[in-house]
Amino acid sequence: MLGFIIQRFLQAVGVMAVMSVIVFCGVYAIGNPIDIVIPPEATEEIRQEAIRRLGLDRPLYEQYLIFLGNLLQGDLGRSFVYNIPVLELIGGRLPATLELVLISVISATVAGVTLGIYAGYRPDSWVAKTIMAVSVLGFSVPSFWVGLILILTFAVNLGWLPAGGRGDTVQIWGVEWSFPTVNGFSHIILPAINLALFKLAMMIRLARAGTREIMLTDTIKFARAAGLSEGTILRRHLLKLISIPIITVFGLELGSTLAFAVVTETIFSWPGVGKLIIDSIGVLDRPVMVAYLILVAFLFVTINFVIDLVFALIDPRVRHGASS
Amino acid sequence: MSGQSTPIGLFWAEFCENKIAVFALIIVVLMILLALFASIISPQNPYDLANLSLMDSRRPPGFVGSGGYTHVLGTDPQGRDLLSAIFYGLRISIQIGLAAGFVSLTIGTTLGILAAYVGGRIEALIMRLVDLQLSFPAILLALVIVALLGQGKAQLIGALVAAQYAYFARTAYGAAKAERGKDYIEAAVATPLSTRLVILRHLLPNCTPPLIVVATVQIANSISLEATLSFLGLGLPVTEPSLGMLISNGFPYMMSGRYWISVYPGVALIILIVAINIVGDQVRDQFNPRLRR
């Protein structure tokens, strides 16, 4: 088992190293940020000074080694545009993204599992068919389009909810949060629904498939024979039995929702990390792009590593297959 | 009906039993025709700037413009007739979806079958890479690649391919791995046929059904992904708007109630994507032996 962990860990480190080279070279191959950072009326002297200060006059491999050295010390560089450390910049935007992602993933899971269990429990009712139709739409309709329709309906035509921004925030432990205030929460609702829709569709399908399978098993027959009410059976036995795939997907989806937030944040001008990266691509703010990509890659490599370990714990064939 | 006894005839007859799928297929064909004949049926050439008048911009549906004809779906901020722009937009969206789909199909299938056939280190290397990529969200990958390569049709297709080939590789690998162990392949290997011919004539044809299913779904996904990238401002240049670009152009005007600029191209996009998905679902069900009666 230890050998397996070490092998996978080394693989993860290797992937991260390759990713850092690809990301760095890729990002540094595009455009010339100097034209954007420095006003066109600047003198040649100022230009040269800026190029030297940003380290852009050195050869690419030297820039990479400097970057790598700094990275290992937890320094991801300074934003060209905001001129503050990138980690500080991303860290400042992270709470906005986190609260949006957590609220939408949690509500998608709660609503999706409830609807999915119902659809699996009474698969032939018209309610179940409606639920499944909604889940098909949630899968195939592009999420940015749903966002537009939400804005058009609830913000422009009905005027019930705001169309963008974070609204009022309160400080908890020195970080700004929107959800505790009424105004802030009203700003979260639309983007959260937008982001949640795809996960909702997925959770409905998972829960429905699980329910249909479990309802036919002896466990449920015995529970019924024991005289338990249907509600108790669903809550106490069924929910427990279908929860394993749902928890797995919940974890996996948390990561990909962070990435999907790029689209939702752009539509609703939500000042999170996703909006930051789109803006940074627009102005060629290289350090921010590199840092964001490295952090996302790190997140996914870590998730994969953990999943590998969990699978190896559950299924001995995985670890034996790897060592042989 | 004639030809019912051939496999394709049987397949078609079974397909026709699902009315919704047939309807969806008709819609897909119709949309492809609209895209093909866009230049004949549209009232206006939306790419010809001489045709456009800023006087006509952002007019509601039913407005009679300076061209003398009615703008059935209104006009966009550049004064384009939206109906014409949607026809031309369909053309670009379908083109990109098909191109990205076929290139990913080719690359992915080659890698998947290679991994399954050769095995060993190459198998481990390819599949590890593919699995890693599958865990990474496609939208983010495409976003980064477009940002790196810059704007343009070829770059966009490249980004879509990079984001999607892994699905084909996984599917082809799964199918080829299962077929590889069967006796007929062993028999073919024992004959003096070259490896290339064994793969092309014997292995590949037996791996196609699942690949067709993935291809339909991925073409719909490419179209959707392209629209999303265009919406984020990372797609094609504004002069030749795809459906996503049209939606994006109309977004700023939505707040002032000029809904049609974004809504109608979006409706066209969704009808296209949902129709392709329904057709794909039906084909998948027909290929799935577990659902066979």
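Keep in mind that this is a model prediction, so the values were computed, not measured. (Residues numbered from 1 in each chain as written. Chains lettered and ligands numbered in written order. Predicted model: local features only at pLDDT ≥ 70, side-chain atom pairs only at ≥ 80, totals over all residues. Heavy atoms only, no water.)

Glancing now at a nonpolar patch on the surface. All names here are of chain B. Side chains of Val29, Ile32, Leu33, Leu36, Phe37, Ile40 and Ile41 sit close together on the surface and give an oily, nonpolar patch of about 640 Å² of accessible area. Broken down by secondary-structure element, the contributors of at least two residues to the nonpolar patch are helix H2 (19-36) and helix H3 (38-41). In terms of residues, the nonpolar patch owes the most to one element, H2, which gives four residues. (Patch = residues over 30% accessible without salt bridge, like charges linked within 9 Å, V, L, I, M, F, W, Y side chains within 5 Å. Areas by Shrake-Rupley, 256 points an atom, 1.4 Å probe, with all protein chains shown as cover. Salt bridge = Lys/Arg side-chain N within 4 Å of Asp/Glu carboxyl O. Helix = DSSP H or I, 4+ residues; strand = E, 2+ residues; numbered from the N terminus.)

This next bit is on the confidence of the model for chain A. The predicted model of chain A averages 78 in pLDDT, with 90% of residues at 70 or higher. Looking across chain A, the model is least confident in helix H13 (residues 316-323) of chain A, with a mean pLDDT of 58, and most confident in helix H5 (residues 86-121) of chain A, with 86. (pLDDT = per-residue confidence, 0-100.)

Moving on: the nonpolar core. Core analysis: the largest hydrophobic core is formed by 104 residues, its most contacted members being A:Ile267, A:Tyr292 and B:Leu143. Not counting residues within four places of it along the chain, the set of residues in contact with A:Tyr292 comprises A:Ile90, A:Leu258, A:Ala259, A:Val262, A:Val273, A:Ile277 and B:Leu140. Counting 24 residues, the second-largest nonpolar core is a separate cluster that includes B:Ile113, B:Met127, B:Ala166 and B:Ala172. (Core = buried A, V, L, I, M, F, W, Y, C linked by side-chain atoms within 4.5 Å. Buried < 20%, exposed > 50% of the residue type's maximum accessible area, 1.4 Å probe, protein only. Contact = heavy atoms within 4.5 Å.)

Here the focus is the side chain of A:Thr266. Take A:Thr266: it is sitting in helix H10 (residues 230-267). At 2.6 Å, the side chain of A:Thr266 forms a polar contact with the backbone oxygen of A:Val262. Non-local contacts of A:Thr266, meaning those with residues more than four positions away in its chain, are made with A:Lys275, A:Ile278 and B:Leu232. (Polar contact = N/O pair within 3.5 Å; in protein donor to acceptor, adjacent residues only side chain to side chain.)

A few words now on the interface of chain A and chain B. Chain A puts 34 residues into the contact, and the matching count from chain B is 32 residues. Where chain A abuts chain B, roughly 2,900 Å² becomes buried across the two surfaces, and 84% of that area is made up of carbon and sulfur atoms. On the chain A side of the contact with chain B, A:Phe144, A:Trp145 and A:Leu148 bury the most area, a combined 21% of that side's loss. For the pair chain A and chain B, the number of links is zero salt bridges. Where chain A meets chain B, there are zero residue pairs in polar contact (both at pLDDT 80 or more). Of all elements in the fold, only helix H1 (2-29), helix H6 (126-140), helix H7 (143-157), H10, helix H11 (273-283) and helix H12 (286-314) of chain A reach the threshold of two or more residues within the side of chain A that touches chain B. Classifying every residue of the side of chain A that touches chain B by side-chain character gives 26 nonpolar, six polar and two charged. (Buried area = accessible area lost by both parts, 1.4 Å probe. Nonpolar A, V, L, I, M, F, W, Y, C, P; charged D, E, K, R; others polar.)

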